[in-house]
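Structural description and commentary
Each chain, letter by letter, is given below.
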Amino acid sequence: MDTVVTVSGPFAASPTVRRCDVGQHPLQPGEQWWRITDPSRGWANGHGVACATHHAQVEATFSDGHAYRVGGLFNDERIRWPQGPHLWIDDDHQIRLGIFLTRPSRQEIAAVQTGKARFGWTEQGVNGFLLFRYGDSPWNDAPFNPQRLTTPSTLQPLPRGTHTRVATFLVHADTGRIAAMRMFSWPAYFLNHVIASIHRLAEHPYTELAAHAAQLDFYRRYPDGPSLHRLVRTLPPEAVCLGGQRDDRPH
Ligand SMILES: [Zn+2]
C-alpha cells in the first residue's frame, strides 16, 4: 500500500553503521542512531539511518503529514471502506491502525487527535486482537491474524530500549478521506510481545472458517467497550502500554 514514514530507535553505535543517510554525513564514533523507513527516499529496502539531529527533522516533517494528510485519501485507490478498525503490521515494523467510520463525531476526532492512547494485545485461540483506547472513547479492538497475510510474516523482535512508531488514522468510511491522524510510539517490550504472539499464531493449524467462528465467539464474549476494558485489566503487564510511553518497561 502507500507509504508512511516510520522511525525506530535509538540504537547503540555500531561499527557497521557509519553514515547518516538523511543528512549524508559520517556518524561520530559512539553516536546513537535511528532507523528511518521511508520508501520514497530510494534507499535499499526503504531503510536509512539518521543521526539525532536528522531524526528530529524527519519526525517534524512526518507529524505534518509527510505521506498522509488530513483531508487526503488514506489510499489513493479507495473511497469506500468497511466500517471498523483495521490493523496492518508489515515486516519492516510499519504499523498502521485505521479506524473507518461513516460519520465520525467531533468527539471521536478529538479523541484520536489529542486523547491519551492506551494499547493492549490479547491472543485468543487462533486470533490476535489489538485493544486500543483514545482519550475517553470506549475500548475498541482490531483483529489481526498473520495467516491472512499474502506472504508469511518475518517480523523480528527489536532491541530493548527502542521504540517503534505506530500511525493511527481515523478515516471516513464513505469517502476514504482522513479525518484525523496521529503518530504514537510503542516500547520494544510491547512490540516484541505482539511479535511473539504473531509467530505463535502463524504456527497454528488454520482454516478461515475456524478463525471466523473464533472471532465471532470473541465478540460474543467481549461485545463492547466495558467488556474489553475488563479484558485489558486481566492482561499481563507486558501486554499493555501507553502510546508514546518513554520507558521501555512494563508497569
Ligand atoms: Zn544526520
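Residues numbered from 1 in each chain as written. Predicted model: local features only at pLDDT ≥ 70, side-chain atom pairs only at ≥ 80, totals over all residues.

**Examining the overall build of the protein**
We count it as follows: Strands are runs of DSSP state E lasting at least 2 residues, helices are runs of H or I lasting at least 4, and numbering of each runs from the N terminus. Computation of the radius of gyration draws on C-alpha atoms, with the globule rule given as 2.2 Å multiplied by the number of residues to the power 0.38. Any residue whose C-beta has 12 or fewer other C-beta atoms within 10 Å is treated as exposed, any with 20 or more as buried, and any in between as partly exposed, C-beta atoms being built from the backbone.
If you tally the helices and strands in the protein, you get five helices and 13 strands. Over its C-alpha atoms the protein spans a radius of gyration of 18 Å, differing by no more than 12% from the 18 Å that the globule rule assigns to 251 residues. The principal-axis extent of the C-alpha atoms belonging to the protein is close to 55 × 40 × 35 Å. Within the protein, buried positions represent 36% of all 251 residues.

**A look at the sheet that holds strand E9 (residues 127-134)**
As a reminder, the rule being used: DSSP calls a pair of strands paired once it identifies at least 2 bridges connecting them. Only C-alpha atoms enter the line fits that serve as axes; for helices the fit covers just the stretch in contact. Angles between N-to-C directions range over 0 to 180 degrees. Contact between two residues is assigned when their C-beta atoms, built from the backbone, lie within 7 Å.
Ordered by their spatial adjacency, four strands build an open sheet running E10-E9-E8-E13, and the pairing between neighbours is antiparallel. One side of each edge strand has no neighbouring strand; the edge strands of this open sheet are strand E10 (140-144) and strand E13 (240-242). Looking at each pair of strands side by side, their axes are set apart by 20 degrees on average, direction ignored. In terms of strand pairing, strand E8 (residues 117-124) meets E9 through eight bridges, oriented antiparallel. What sits directly across from Phe119, in E9, is Phe132. Strands E8, E9 and E10 of the sheet are contacted by helix H4 (residues 208-221), whose axis makes an angle of about 35 degrees with E9.

**Here we look at the domain arrangement of the protein**
Keep this limit in mind: By convention here, the domain bounds are inherited from an automatic or database domain assignment. The nonpolar class holds Ala, Val, Leu, Ile, Met, Phe, Trp, Tyr, Cys and Pro. Asp, Glu, Lys and Arg form the charged class, and all remaining residues, Gly among them, are polar.
Taken domain by domain, the protein consists of domain 1 (6-63) and domain 2 (84-242). With centres defined by C-alpha atoms, the gap from domain 1 to domain 2 works out at 27 Å. Counting residues at the interface gives eleven residues for domain 1, matched by ten residues for domain 2. Put simply, the parts of the chain that give the side of domain 1 that touches domain 2 at least two residues each are strand E1 (6-11) and helix H1 (52-63). If one sorts the elements of the side of domain 1 that touches domain 2 by residue count, E1 sits on top with six residues. Each residue belonging to the side of domain 1 that touches domain 2 can be placed in one class, and the counts come to four nonpolar, seven polar and no charged.

**Description of helix H3 (residues 188-203)**
Since one α-helical turn is 3.6 residues long, residues separated by three or four positions face the same way. Where we set the bar: Under the convention used throughout, the expected extent of a helix is 1.5 Å for every residue step, that is, one less than its residue count.
Between its terminal C-alpha atoms H3 stretches 23 Å, which fits the 22 Å expected from 16 residues at 1.5 Å a residue. Against E8, E9, strand E11 (163-172), strand E12 (178-187) and E13 lie the buried residues of H3.

**Examining the nonpolar core**
Here is the rule: For the purposes of this analysis, a nonpolar core is taken to be any set of buried Ala, Val, Leu, Ile, Met, Phe, Trp, Tyr and Cys residues that are connected through C-beta atoms within 7 Å.
In this structure, Phe119, Leu130, Leu131, Phe169, Val171, Trp186 and Phe190 are the most contacted members of the largest nonpolar core, which totals 41 residues. For Phe119, the contacting residues outside a window of four places in its chain are Leu130, Leu131, Phe132, Trp186, Phe190, Val240, Cys241 and Gly243. Core analysis: the second largest hydrophobic core is formed by ten residues, Cys20, Val22, Val49 and Val58 among them.

**Section: the environment of Pro159**
Its place among the elements puts Pro159 in the loop between E10 and E11. As a C-alpha pair, Pro159 and Asn192 span 33 residues in sequence and 8.9 Å in three-dimensional space. Beyond its immediate chain neighbours, meaning those up to four positions away, Pro159 contacts Phe11 and Ala188.

**Here we look at the environment of Val7**
Relative to the elements of secondary structure, Val7 occurs in strand E1. Each C-alpha atom, one on Val7 and one on Val17, is 16 Å from the other, the two residues being ten residues apart in sequence.

**Describing the pairing of strand E6 (residues 84-89)**
Note: E6 against strand E7 (residues 95-101), six bridges, orientation antiparallel. The residue of E7 that forms the bridge with His86 is Gly98. Here E6 folds back onto E7 in antiparallel fashion, the turn holding five residues, of which His93 has a positive phi close to 65 degrees.

**Observations regarding the pairing of E8**
Here is the key point about a regular strand: its side chains alternate between the two faces of the sheet. Following E8, the chain reverses through two residues before pairing antiparallel with E9; Gly125 in that reversal takes a positive phi of roughly 60 degrees. Relative to E13, E8 is paired through three bridges, and the arrangement is antiparallel. Across the sheet, Phe119 pairs through a bridge with Cys241, a residue of E13.

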